[in-house]
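# Inside the fold
Listed here are the chains, written in short residue letters.
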Amino acid sequence: MASSLTKDSASTSGSEKTFFGHPRGLATLFMTEMWERFSYYGMRALLPLYLIAPNGLHMNPATATAIYSVYVSLVYLLAMPGGWFGDRVWGPRKTVAVAGAVIMIGHLALALPTEGTFFVGLGLVAIGSGLLKSNISTMVGQLYDGPDDPRRDGGFTIFYMGINVGAFAAPLAIGTVGENVNWHLGFALAAAGMALGLVQFLLGTRHLNERSLVVPKPLSAAERTSTLRKGMIWMAIAAVFYIVTVVTGVYTLNWILVPITIAGLVIPVLVLARIKRDKELSAAEQSKMSGYIWFFVAAAIFWMIYDQGGSTLAIFADSSADNSVLGWNFPVSWYQSVNPVLIMALAPVFAAFWLALNRRGKEPSTIVKFSSGLVLVGASFFLFLMPLTIATDGHKAAAMWLVAIYFVQTVAELTLSPVGLSVTTKMAPAKYASQMMGVWFLAVTAGDCTTGLLSIAGVDLNGTGVVALQAALAVAAGVAIFMYRNKVKQLMGDVR
């Protein structure tokens, strides 16, 4: 499948096949990521709708939002241990292969029409996604001759296009089948997508760098024994605890949701505190970490609002929006294709815009871009107040209101997310250079877990007061960062 995307081009050997001028292995990783994202975003588009549907699990919207938020937070929370497995146990290539198989099995479990297998499937998909996320990006980097290879940035750009191609196509295919034919057939289609990705990955591994087979820092025999023993002890404690809650009849879904959401808030704090307290860091590195905490907290607020595009907005669309264009009705899950298609359309525009401003010496600083992204995501929820107000007394809000919200959120994402990734790598202490990207993902975890806790507490996230409060919080955070920009710049040191 990936071979159809390759072409002959000039290379050092004169006859070596490349992928748009890049190493042939990029095609393998591009297609693997595209199909994995196809399965992930397709299932994610169906998830909140299936949870509240009368012919699904028929849960209330608060519980559905909590489950959705906890699931998304788990994917990003598990990215750190997933990277650890690649670095210390299996190596990137084996970890990605195992991850693909786990994800496929998870989607197949979702396709079974029982509630128990459904939640097992969610857990498996989250584990597999966490294992795959960091390691496949590592393999992309290994295709190039170090960080100074001029093709490297372009290679990652092509790779990330695969994410958006998969994310765009998934709701249109999986969402349509799930909503209009059968929910579980939709989940099965997600499994088929991951199976295609896994098969082409295994067939194309010969094009990957041999370093992807290497375990960079393998566990010693003593470390392996200790890690296995600790893991088994914690698994046994958890198993006994949940068996007791089931046997005594006190078990509810919150016995799973609450511990995960609390962990998703506590773990980021502990990780940041551990790095900040490290006495081996220089004074400059300590200062940068103090500055980074500003960005981390602001990013958590951003993702708390942004990721509700797949839960709060989707549930609102299902019950209160006129999901039609010129009289033609479309599935609610199709809204989840708006963001990726806008990303593909607007990302080159933003890149050219920043470059043009830079040439004139007028490009905004990292802090200004970050604060702008926060203000914009807050503005998207102020905009959300309009359809919420319209959708009363049986009225339906027009679909374009939701499209407008997703548009503003996409602009906010393009303003903040690339900057956040960049500033994370620039401000990372040398000792934690390989771990800091996982720390950035923890901001997503913290934001989604905040949403999850609000939902577990019974807060109506589609209430105008709550929406307005979240919008005001994001705008206030953006303004605060801008007002204290000189202090943050001082903490950032030589990073701009």
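Details of the structure are given in the entry above.
Not measured: the values here are computed from a predicted model. (Residues numbered from 1 in each chain as written. Predicted model: local features only at pLDDT ≥ 70, side-chain atom pairs only at ≥ 80, totals over all residues. Heavy atoms only, no water.)

Take the packing of helix α1 (residues 25-52) against helix α2 (residues 61-77) next. Where α1 meets α2, the closest approach of the two axes is 8 Å, and the angle between their N-to-C directions is 155°. Of the possible angle classes, the one that applies to α1 and α2 is roughly antiparallel. When you trace α1 past α2, the crossing you get is right-handed. Contacts between α1 and α2 pair Y40, M43, R44, L47, P48, L51 and I52 from the former with P61, A64, I67, Y68, Y71, V72 and V75 from the latter. In the contact of α1 with α2, the residues fall into 13 nonpolar, no polar and one charged. (Axes fitted to C-alpha atoms, helices over the stretch in contact; angles between N-to-C directions. Helix = DSSP H or I, 4+ residues; strand = E, 2+ residues; numbered from the N terminus. Parallel < 35°, antiparallel > 145°, perpendicular 65-115°, else oblique. Left-handed = near helix turned anticlockwise from the far one by under 90°. Contact = heavy atoms within 4.5 Å. Nonpolar A, V, L, I, M, F, W, Y, C, P; charged D, E, K, R; others polar.)

What follows concerns the packing of aromatic side chains. For the structure shown, the criterion picks out 30 aromatic pairs. Relative to F38, the ring of W35 has its centre 5.3 Å away and its plane inclined at 75°; by these criteria the two rings are edge-to-face. Of this pair, W35 and F38 both sit in helix α1, three residues apart, roughly one helical turn. When sorted by exposure, W35 lands in the same class as F38, which is buried. Consider the rings of W328 and W334, whose centres lie 5.5 Å apart with planes at 55°: the pair is tilted. Sitting above the plane of the W354 ring, K369 keeps its charged end 4.4 Å from the centroid. Here the guanidinium or amino end of R485 rests over the ring plane of F482, the centre of that ring lying 4.0 Å away. (Phe/Tyr/Trp six-rings, centres within 6.5 Å; stacked < 30°, edge-to-face > 60°. Buried < 20%, exposed > 50% of the residue type's maximum accessible area, 1.4 Å probe, protein only. Lys NZ or Arg CZ within 6 Å of the ring centre and 35° of its normal.)

Taken as a whole and judged by the stated rule, the model has five salt bridges. A salt bridge links E36 to R37; the shortest N-O distance between them is 2.7 Å. Residues E36 and R37 agree in their burial class; the two are buried. Shared partners join several salt bridges into a network, and the residues in it are D278, E280 and K431. (Salt bridge = Lys/Arg side-chain N within 4 Å of Asp/Glu carboxyl O.)

Along the polypeptide, S417 turns up in helix α14 (residues 399-427). Beyond its immediate chain neighbours, meaning those up to four positions away, S417 contacts W303 and W440.

This next bit is on the environment of Y292. Within the element layout of this structure, Y292 appears in helix α10 (residues 283-306). Sequence-wise, Y292 and V423 are 131 residues apart; in three dimensions their C-alpha atoms are separated by 8.1 Å. Apart from residues lying up to four places away in sequence, Y292 is in contact with L272, V423, T424, M427, M436, V439 and W440. At a separation of 2.9 Å, a polar atom in the side chain of Y292 contacts the side chain of T424. (Polar contact = N/O pair within 3.5 Å; in protein donor to acceptor, adjacent residues only side chain to side chain.)

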